[in-house]
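If you want the building blocks of each chain, they are given just below.
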Amino acid sequence: MSVVTLVGNPRSGSRTHEAAVRAAGTLAGRIGHDGPGEVVDLSALAPLLLAPGASAGVEVALEQVAEAQVLVVASPVYKGGYTGLLKAFLDRLPGGALAGTVALPLLVMGDARHSLAVEVHLRPLLVELGAAVPTPGLALLESQLADLDAHLGPWADRVAPQTAALLAERSVAR
């Protein structure tokens, strides 16, 4: 099984990156997969995403994401939604590219008023690309990052059964 974490924060080494990798690892453990898997960090690809012409690095990242069985998609909240960097990357995927993928949205935010953004903004984008998206997405306040395990465990306990069921359903369909 392939578990891929896609981080849409434009800053490398971000708290979003750390939260996403740990969320992927926690979920992976609940569904019987060792480790968080591969990480696609868009901060390293940012200059290539908006450059004219194709880039081998971007193409490899798109392939990793499209081939993931489980995809954790993370972004900080910017202006009430996910980052433009994440949108620019996902816009390069063709429609239906995430069919067969179980995608889990994760947003890190400074204010609880943005907590619905994970369900209202990021989930529909992933569904539009064909992914199955278990409920709930993970909305993390910056203040919760200090005790991340206390928030990741209950979330993973809720979405792991749905994720496992979707993976089993998709493996039977193949």
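Heads up: these notes are all about the structure in this document. Since this is a predicted model, take the numbers as computed values, not measurements.

1. Focus: the overall build of the chain
Stage number 1. For the chain, the helix and strand inventory stands at 6 helices and 5 strands.
Stage number 2. Put simply, the chain runs from its N terminus to its C terminus through helices and strands in the order β-α-β-α-α-β-α-β-α-β-α.
Stage number 3. Its C-alpha atoms give the chain a radius of gyration of 15 Å, near enough to 16 Å, the size a compact globule of 174 residues would have.
Stage number 4. Judged by the C-alpha coordinates and their principal axes, the chain covers about 45 × 40 × 25 Å.

2. Focus: the pairing of strand β5 (residues 138–141)
Stage number 1. By the alternation rule, side chains of β5 split into Leu138 and Leu140, which are all buried, and Ala139 and Leu141, of which none is buried.
Stage number 2. The sheet contact formed by strand β4 (residues 102–109) and β5 spans 4 bridges and is parallel. Across the sheet, Val108 pairs through a bridge with Leu140, a residue of β5.
Stage number 3. Crossover β4 to β5 through helix α5 (residues 117–128) is right-handed.

3. Comments concerning the sheet that holds β5
Stage number 1. Taking strand neighbours across the sheet as the criterion, the 5 strands line up as β2-β1-β3-β4-β5 in an open arrangement whose pairing is parallel. Every other strand in the sheet has two partners, leaving β2 (38–41) and β5 as the edge strands with one partner each. Averaged over neighbouring strand pairs, the angle between their axes works out to 15° when direction is ignored.
Stage number 2. One ladder, built from 7 bridges, connects strand β3 (residues 70–76) with β4; its direction is parallel. Bridge pairing in β4 links Ala74 to Leu106.
Stage number 3. Here helix α1 (residues 15–30) sits on the sheet and contacts β1 (3–7), β2, β3, β4 and β5; the angle it forms with β1, its principal contact strand, is near 160°.
Stage number 4. Those strands touched by helix α2 (residues 42–49) are β1 and β2, and its axis lies near 45° from that of β2.

Conventions used here
Residues numbered from 1 in each chain as written. Predicted model: local features only at pLDDT ≥ 70, side-chain atom pairs only at ≥ 80, totals over all residues. Heavy atoms only, no water. Helix = DSSP H or I, 4+ residues; strand = E, 2+ residues; numbered from the N terminus. Rg over C-alpha atoms; globule rule 2.2 N^0.38 Å. Buried < 20%, exposed > 50% of the residue type's maximum accessible area, 1.4 Å probe, protein only. Pairing = 2+ DSSP bridges. Right-handed = clockwise from strand over helix to strand, strands pointing away. Axes fitted to C-alpha atoms, helices over the stretch in contact; angles between N-to-C directions. Contact = heavy atoms within 4.5 Å.

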